Amino acid sequence: MALICTIPPYITKHKNVTPFEIHKFVKHLCSLSLHYPHEFDHCFKSHSFYASLIDNSTHITHLYQVHNQLVLSGLQHNRFLMTKLVNQSSNLGQIFYARKLFDEFPDPDLFMWNAIIRTYSRNNMYRNVIEMYRWMKWVGLHPDKFTFPCVLKACSELLDFGLSCLVHAHVIVYGFGSHVFVQNGLVALYAKCGRIGMARMVFDRLYDRTIVSWTAIVSGYGQNGEPWEALRMFDQMRKTDVKPDWISLVSVMRAYTDVDDLEQGRSLHGCIIKMGLEEEPDLLISLTAFYAKCGEVTVAKSFFDKMKTPNKVMMWNAMISGYAKNGHAEEAVELFQAMISRNIKPDSITLRSAVLACAQVGSLKLAQWMDDYVRKSKYGGDIFVNTTLIDMYAKCGSVESARLVFDRASVKDVVMWSAMIMGYGLHGQGWEAIYLYHAMKQEGVCPNDVTFIGLLTACSHSGLIKQGWELFHCMRDFGIKPRNEHYSCVVDLLGRAGYLKQAYVFILKMPIEPGVSVWGALLSACKIHRCVTLGEYAAQKLFSLDPYNTGHYVQLSNLYASSRMWDRVAYIRVLMKEKGLTKYLGYSVIDINEKLHTFHAGDMSHPQAKEIFYELQRQERRLKEVGFVPHTESVLHDLNYEEKEENLCIHSERIAVAYGLISTAPRTTLRITKNLRACVNCHSAIKLISKLFEREIIVRDANRFHHFKDGLCSCGDYW
DNA sequence: ATAGGGTTAG
């Protein structure tokens, strides 16, 4: 037959056949074979003919046809062709069809088993991988060098260390103790299980290290919080003949991201361009994450915009988390909303980053929207997402909502308990934090260093001096070494109670070098208790440790102001000018009708400015009526503010309060976020306003929350 | 005939 002589070489040898042509050809052959069965015998019995058809098929219907034809030709028990069919089903993502073929095959051999195991591995169905592996051993087959890599991958994804050890034992028993592919799998496996030491041991014993081995160890250190070691290994790799490929560079990029080394990362980016790997989509994601995390959000955004497949969740995640981590919280939220409107499904990491961004925006309305979204998604039970939600609500001013999330979470670990404790601490609810700590121990959860930071902060924010002191000493019972954050809480506690000398002695006895937070706490205490000499000493330490932070100069100036040492106040002003330090501009944000309104000191730019200032005057009159005396010294000399605005005596938080009062129904709680510390004068004024106008007012300043109610503040006038 | 490594992050 002329037809058959011309078509088979074309279809079997030419790789660029379109699916349509195959489809048509198979159909054609099948129909012809019904009419001329004998003429086609030689063709339908040729294995290479079928093999080629299978390899070139691009749609499941092609496979159905080939399978039908195999059955007709009595080849349905041919191991070679049936395995090929399973493999190709796997390539086309047809997991269930692959399994059906496997199940129908009477006596599968090792090839067939490997094919079905690989199918599950490629589709991230790791439980099935293990199930098939166990079954395969049960029927008496020995796993080989093709089985183990898939099984090891499955162990590492399931994070089952016990199972991993068992499989490692099998590797040795079946004689693959020094096979490179299998060993590479072991390196990656131990690294993922957090046993980087074991990973390194396996790696060191490898005598033929490929790029895959190096990538496994570099990424292993990266995943285990040792980016410096990861970079050191990469350096070592470069001294060998092994050439980096794009997958290995993903891990190296991540290490540079973690150590925040913009310069080195940039130079690696240069190498990537030279190697012609810049268009590699997944490497582009790593580059985006790198630039975003290092603060170069514009560069990152340009990569993001270059993205070819706009539904790659990881790219969105890299950009959203990058924005969130660099003070571009609003952009992060906008991008998240853009993602949803484009119908791209966020994953749990997207949600974590978006929630983190909401926490930074500080709007309770936005926080509630985010919470609703999470609850409707399939990540409502995700322990990471819920922990971030707790943190978000606490930072947006509603510790009650944070508690609701905490209570509805079915699984709780240390980090979640700590986040809730930290939330209470932020709001000065020390007793709640301590109750929660006891409840946590009752549940059998062991506290860690972060738990104690939360507890000590809670005690210091609520003035629970004795309790804080006791808790600090409890840390030893859990084998936790105090860090600077812990010490600074204790200094704060002692300072609050007026034990300034004791606080100083406590610092001198610290077994580690006291850091910025410790001296900062001492300076604050000196400001409250007007202790100039010790305060100056603390300030000197701060200036040498953290010379470009304006806040320390402001604190020292406030200390001088509190002691009416105006010449010193003026001197600080000169000092700051000499050092070229500019004062931060203070601003306050209030959320009214789901819109954020930002005010600077003396701000006249708001459309309702007239009404606001009328309200402010009304407030001033009422305050004077009840005998309120402004703390003129701190107002006039508070370096938080621009000079001309100081003269106006109208700080941003007061404007926000005034606007809140005229824009909301009586008794509505006002929630305000301020970028700097609260000033003494505004603090006293708002306390009175909360009583006179019967409003609860919650102000988040740079350090903590102030709950104003009935003329009092939750901070107890110490901050 | 079949294989291995990587990326966001409370």
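No experiment lies behind these values; they were computed from the predicted model shown. In this convention, every chain numbers its residues from 1, walking through the sequence in written order. Lettering of chains starts at A and numbering of ligands starts at 1, both following the order in which they are written. Local features in a predicted model are, by the rule used here, given only for residues with pLDDT of at least 70; side-chain atom pairs are given and counted only at 80 or more, and totals for whole chains, interfaces and linings are based on all residues. By convention in this description, side-chain values take in all heavy atoms of the structure and omit both hydrogens and water.

In terms of residue burial, strand β3 (residues 670–674) counts as a mostly covered element, since four of its five residues are buried. Sheet topology places strand β1 (residues 587–592) next to β3; three bridges connect them, and they run antiparallel. Within β3, the residue paired with Ile-590 across the bridge is Ile-672. Look down the strands so they point away from you; if going from the first strand over the helix to the second traces a clockwise path, that crossover is right-handed. Secondary structure elements follow DSSP: runs of H or I of four or more residues count as helices, runs of E of two or more count as strands, with numbering from the N terminus. The parallel pair β3 and strand β4 (residues 697–700), bridged by helix α40 (residues 680–692), forms a crossover whose chirality is right-handed. Buried, partly exposed and exposed residues are distinguished by accessible area as a fraction of the type maximum, computed with a 1.4 Å probe on protein chains only: under 20%, between the cut-offs, and over 50%, respectively. Pairing between strands is defined by DSSP: at least two bridges between the two strands are required.

Before going further, it helps to spend a moment on the protein's contact with DNA strand B. We call a residue near a given molecule or strand whenever any one of its heavy atoms falls within 4 Å of it. Around DNA strand B there are 43 residues in total, and Arg-118, Asp-282, Asn-317, Lys-325 and Ile-349 lie nearest to it. Of what DNA strand B places within 4 Å of the protein, 38% of the atoms are sugar or phosphate. Between DNA strand B and the protein, one listed contact pairs a phosphate oxygen with a side-chain N or O atom of Lys-325 at 2.5 Å. By residue class, the composition of the surface near DNA strand B is 18 nonpolar, 13 polar and twelve charged. The term polar contact refers here to a pair of N or O atoms within 3.5 Å; inside protein, the definition further demands a hydrogen-donor-capable atom paired with an acceptor-capable atom, and it admits residues adjacent in sequence only when both atoms are side-chain atoms. Three classes are used, and their members are as follows: Ala, Val, Leu, Ile, Met, Phe, Trp, Tyr, Cys and Pro are nonpolar, Asp, Glu, Lys and Arg are charged, and the others, Gly among them, are polar.

With that settled, consider the UniProt feature "repeat: PPR" (unreviewed entry) in chain A. UniProt positions are given in the numbering used here, feature names are shortened, and annotations may be inferred rather than shown by experiment. Residues annotated by UniProt as "repeat: PPR" (unreviewed entry) correspond here to residues 109–143, 210–244, 312–346, 413–447 and 448–482. This span, residues 210–244, is 71% helix and 0% strand, and a straight line between its end C-alpha atoms measures 10 Å. Secondary structure across residues 413–447 comprises 74% helix and 0% strand; the distance between its end C-alpha atoms is 10 Å.

What follows is about the side chain of Glu-229. The topology assignment puts Glu-229 in helix α15 (residues 227–238). For Glu-229, a relative accessible area of 19% puts it in the buried group. The contact criterion used is simple: two residues touch if any of their non-hydrogen atoms lie within 4.5 Å. Excluding anything up to four places from it in sequence, Glu-229 contacts Arg-200 and Tyr-221.

Attention now moves to the packing of aromatic side chains. Think of a pair of aromatic rings as described by two things: how far the centres are apart, and how the planes are tilted against each other in angle. Here is the rule: rings of Phe, Tyr and Trp (six-membered ring for Trp) pair when centre to centre is within 6.5 Å. Planes less than 30 degrees apart are stacked, more than 60 are edge-to-face, and the remainder are tilted. Applying the stated rule across the entire model yields 27 aromatic pairs. When the ring of Trp-113 is compared with that of Trp-135, the centres are 5.4 Å apart and the planes differ by 85°; the resulting orientation is edge-to-face. Here Trp-135 lies in helix α9 (residues 126–138) and Trp-113 lies in helix α8 (residues 110–122), a separation of 22 residues in the sequence. Counting every residue linked through ring pairs, the aromatic cluster contains Trp-469, Phe-472, Tyr-487 and Phe-506. In this scheme, the term charge over a ring applies when either NZ of a lysine or CZ of an arginine sits within 6 Å of the ring centre and within 35 degrees of the ring normal. One residue, Arg-195, lies across the ring of Phe-161, its end atom 3.6 Å from the ring centre. Of note, Lys-412 hangs over the ring of Phe-406, and the distance from its end group to the ring centre comes to 5.0 Å.

Below, the discussion takes up the nonpolar core. Judged by nonpolar contacts, the single largest core of 185 residues is most densely connected at Ile-217, Met-370, Met-392 and Leu-522. Apart from residues no more than four positions distant in its own chain, Ile-217 is found in contact with Val-187, Ala-199, Arg-200, Phe-203 and Met-233. Nonpolar cores were defined as sets of buried Ala, Val, Leu, Ile, Met, Phe, Trp, Tyr and Cys residues, with membership established by side-chain atoms within 4.5 Å. Counting residues in hydrophobic clusters, the runner-up holds 30 residues, among them Phe-613, Ala-678, Ile-686 and Leu-692.

To continue, consider unusual backbone geometry. Here Arg-667, not a glycine, exhibits a phi torsion of approximately 70°, which is positive. Within the secondary structure, Arg-667 sits in the loop between α39 (652–663) and β3. One non-glycine residue, Glu-694, lies in positive phi territory at about 50°. Within the fold, Glu-694 resides in the loop between α40 and β4. Look at Glu-694 and you get partly exposed, because its relative accessible area is 46%.

Turning our eyes to something else, we now look at a nonpolar patch on the surface. The patches described consist of residues with a relative accessible area above 30% and no salt bridge, like charges being joined within 9 Å and nonpolar side chains (Val, Leu, Ile, Met, Phe, Trp, Tyr) within 5 Å. Each accessible area value is a Shrake-Rupley result obtained with a 1.4 Å probe; residue values ignore everything except the protein chains displayed when judging cover. What makes a salt bridge here is a side-chain nitrogen of Lys or Arg within 4 Å of a carboxyl oxygen of Asp or Glu, nothing more. Among the surface-exposed residues, Trp-135, Trp-138 and Val-139 lie close enough to one another that they form a single nonpolar patch of about 370 Å² accessible area. Mapped onto the elements, Val-139 comes out in the loop between α9 and α10 (147–158). By relative accessible area, Val-139 is classed as partly exposed at 42%.

Below, the discussion takes up the sheet that holds strand β6 (residues 712–713). Spatially, six strands are ordered β2-β1-β3-β4-β5-β6 in an open sheet, and the strand pairing comes out mixed. Two strands close off the open sheet at either side, each with one partner strand: β2 (595–600) and β6. Where strand β5 (residues 705–709) lies against β6, two bridges are found, and the strand directions are antiparallel. Looking at β6, one finds that Phe-708 is bridged to Cys-713.

Our next topic: the side chain of Asn-184. With respect to the secondary-structure elements, Asn-184 resides in helix α12 (residues 180–192). On the accessibility criterion, Asn-184 (7% relative accessible area) is buried. Discounting residues that sit within four places of it in the chain, Asn-184 has contacts with Leu-206, Thr-210, Val-212, Ser-213 and Ala-216.

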